[in-house]
Amino acid sequence: MSLNKLNAFLLLAVIGCAMSVVTSQHLSRRLYNELEKQQKLSRQLDVEYGQLLLEQSTWGAHALIEKAASARLGMLTPSQRQVFVITPEGVR
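What you are looking at is a predicted structure, and each value in this text was computed from that prediction instead of being measured.

About the cut-offs
- Residues numbered from 1 in each chain as written.
- Predicted model: local features only at pLDDT ≥ 70, side-chain atom pairs only at ≥ 80, totals over all residues.
- Heavy atoms only, no water.
- Helix = DSSP H or I, 4+ residues; strand = E, 2+ residues; numbered from the N terminus.
- Rg over C-alpha atoms; globule rule 2.2 N^0.38 Å.
- Buried < 20%, exposed > 50% of the residue type's maximum accessible area, 1.4 Å probe, protein only.
- Areas by Shrake-Rupley, 256 points an atom, 1.4 Å probe, with all protein chains shown as cover.
- pLDDT = per-residue confidence, 0-100.

Draft legend 1. Up close: the overall build of the chain. Scanning the chain from N- to C-terminus turns up 2 helices and 2 strands. When its helices and strands are written in sequence order, the chain yields α-α-β-β. For 92 residues, the compact-globule estimate of 2.2 N^0.38 gives 12 Å, and the C-alpha radius of gyration of the chain, at 36 Å, exceeds that figure by more than 25%. If one aligns the C-alpha atoms of the chain with their principal axes, the spans along those axes are about 115 × 35 × 15 Å. Taking all 92 residues of the chain together, 1% fall into the buried category. Here the chain displays about 8,900 Å² of accessible surface, and carbon together with sulfur accounts for 65% of that area.

Next comes the structure, spelled out in structure tokens:
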């Protein structure tokens, strides 16, 4: 009689272990899929960041700023006679 109880207990233990293995494998696969999604998003954000840096350097180009200032605001580069250098001693 005690052998049947031991067999039943061992059977339940084996079933419990099998269920925990299945559960942990499922969780592992789900987490791995989430990791893949996050890595893909990271790569996309890296590409977008590179594009934004390129765009920033383009917009920061001196010639482009000068062109925009003259076209939109009517600003012009001053002539040499209109430029004054101010030093601590006075105007040169």
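After that view of the structure, there is still more to cover.
Draft legend 2. Fine view of the confidence of the model for the chain. This prediction gives the chain a mean pLDDT of 90; 97% of its residues lie at or above 70. Averaged over each element, pLDDT in the chain is lowest for strand β2 (residues 90-91) (66) and highest for helix α1 (residues 2-59) (94).

Draft legend 3. Region of interest: the environment of Ile-15. Examined against the element boundaries, Ile-15 turns out to sit in helix α1. Look at Ile-15 and you get partly exposed, because its relative accessible area is 44%. Separated by 12 residues in the primary sequence, Ile-15 and Leu-3 have C-alpha atoms spaced 18 Å apart.

Draft legend 4. Highlighting the environment of Ala-68. Along the chain, the position of Ala-68 falls in helix α2 (residues 62-73). Separated by 58 residues in the primary sequence, Ala-68 and Leu-10 have C-alpha atoms spaced 82 Å apart.

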